[in-house]
Amino acid sequence: MLPPISEPPPKKPQTKPASGELEVLRSFVNTYDLMDETDDIDTPDALRDWLAARGLLARTERLDDDDVRQARSVREALRSLLLANNGMELDPRALETVNNAARSAEVVVSFGDAGAPQLSPVRPGFQGALGRLLGVAFRAMADGTWQRLKACPADDCEWAFYDASKNRSGVWCKMEVCGNRAKARSYRERHGR
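It should be emphasised that the depicted structure is a prediction, and the values quoted were computed from it without experimental measurement.

A. Quick look at the overall build of the chain. Per the secondary structure count, the chain includes six helices and six strands. A buried classification covers 39% of the 193 residues belonging to the chain. Accessible surface, the chain as shown: approximately 11200 Å² in total, 52% of it carbon and sulfur.

Okay, here's the thing in C-alpha cells:
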C-alpha cells in the first residue's frame with residue numbers, strides 16, 4: 001500500500017539578490033532559516049566570519065556570546081521591520097532594539113568626499129559592524145528602496161526577499177513555495193479538509 005499523499009517539506013527559498021547594498025541586510029536577516037532551524041551566526045567565530053566576509057569587521061576581532069545574542073536580536077528586529085514592509089504589524093520592541101544598537105554603535109551623520117551625507121558608526125569592532133548595517137537600512141529608507149525589502153508572511157518561513165515587482169506588490173518570497181502552500185491551506189480550510 002502506498003503512503004498517503006502529503007505536502008512535500010518546504011525547501012529553502014532561493015530568491016534573487018536585493019538591489020545594491022541592501023543585499024547585505026537581506027543576507028543578514030536570512031542567516032537564520034526558520035524552515036530548517038539553522039543559524040549561520042550561532043557562535044562567536046561564525047558571526048565574526050560572516051561579518052568579516054562582507055567587509056564589516058576585521059577577521060582578527062574577537063567576539064563573544066553576548067555579541068552573538070545582540071546580533072541575533074538585531075537580526076530579528078530587522079526581520080520585524082521587513083514583515084512590516086509586507087503589511088504585518090510592527091513590533092515596537094523591534095524599534096527599541098535597532099535604536100539601542102544605533103546608540104551602542106554611536107551612529108552619527110558624516111559627509112563623504114563628494115559631500116553626500118551618510119550615517120557612520122563612531123565605535124569600531126562589532127558595535128561598528130552593526131552600526132554599518134543600520135546605516136544601510138537608513139540609506140535605503142532615504143532613497144526609497146527600503147519598502148522593497150520584505151519578509152515572507154508565511155509563519156514557517158519569514159525569509160527576507162527583495163520585491164522586484166514593478167508595482168511593489170510582491171508578498172511571498174517564492175510564490176511557487178510559500179504562496180502555493182498558503183493557497184492550499186486556505187482551500188483546505190474553506191472546504192473542511
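B. Structural detail: the pairing of strand β3 (residues 107–111). Relative to strand β4 (residues 117–121), β3 is paired through five bridges, and the arrangement is antiparallel. Following the sheet pairing, Val109 is matched in β4 by Leu119. Here β3 hands over to β4 after five residues, with Gly115 in that stretch at a positive phi of 90°.

C. Focus on the side chain of Ser80. Mapped onto the secondary structure, Ser80 falls in helix α3 (residues 65–85). Excluding residues that lie within four positions of it along the chain, Ser80 makes contacts with Leu90, Asp91 and Ala94.

D. Structural context of the pattern of salt bridges. A complete count under the given rule lists 12 salt bridges for this structure. Measuring nitrogen to oxygen at the nearest pair gives 2.8 Å for the salt bridge that ties Asp39 to Arg72. Placement of Asp39 in strand β2 (residues 38–39) and of Arg72 in helix α3 is noted, with a sequence separation of 33 residues between them. The partner of Arg69 in a salt bridge is Asp66, with the nearest N and O atoms 2.3 Å apart. A residue pair is termed a helical-turn pair when its members lie 3 or 4 positions apart in one helix, as Arg69 and Asp66 do in helix α3 at three residues. What you see here is one network of salt bridges that share partners, running through Asp39, Arg72, Arg75, Glu76 and Arg79.

E. Focus on helix α2 (residues 44–53). Along α2, the residues classified as buried are Pro44, Leu47, Arg48, Trp50, Leu51 and Ala52. Buried positions along α2 lie against α1 (22–29), α3 and α5 (125–143). Taken from the residues just after α2, Gly55 is the one with a positive phi, measuring 75°.

F. Broad picture of the nonpolar core. If you look at the biggest cluster of nonpolar residues, it comprises 37 residues, and the most contacted ones within it are Leu22, Leu25, Leu51, Leu78 and Trp146. When residues of this core are traced back to their parent elements, those giving at least two are α1, α2, α3, α4 (92–105), α5, β5 (149–151) and β6 (160–162). Ignoring any residue separated from it by four or fewer positions in sequence, one finds Leu78 in contact with Leu25, Phe28, Val29, Val98, Leu134 and Trp146.

G. Fine view of the side chain of Arg48. You can see Arg48 is positioned in helix α2. Judged by relative accessible area, Arg48 falls into the buried class, the value being 17%. Among the polar contacts made by the side chain of Arg48, one reaches the side chain of Asp45 at a distance of 3.1 Å.

Rules used in this analysis
Residues numbered from 1 in each chain as written. Predicted model: local features only at pLDDT ≥ 70, side-chain atom pairs only at ≥ 80, totals over all residues. Heavy atoms only, no water. Helix = DSSP H or I, 4+ residues; strand = E, 2+ residues; numbered from the N terminus. Buried < 20%, exposed > 50% of the residue type's maximum accessible area, 1.4 Å probe, protein only. Areas by Shrake-Rupley, 256 points an atom, 1.4 Å probe, with all protein chains shown as cover. Pairing = 2+ DSSP bridges. Contact = heavy atoms within 4.5 Å. Salt bridge = Lys/Arg side-chain N within 4 Å of Asp/Glu carboxyl O. Core = buried A, V, L, I, M, F, W, Y, C linked by side-chain atoms within 4.5 Å. Polar contact = N/O pair within 3.5 Å; in protein donor to acceptor, adjacent residues only side chain to side chain.

In short, the description is geometric, and any link to function would need to be established separately.
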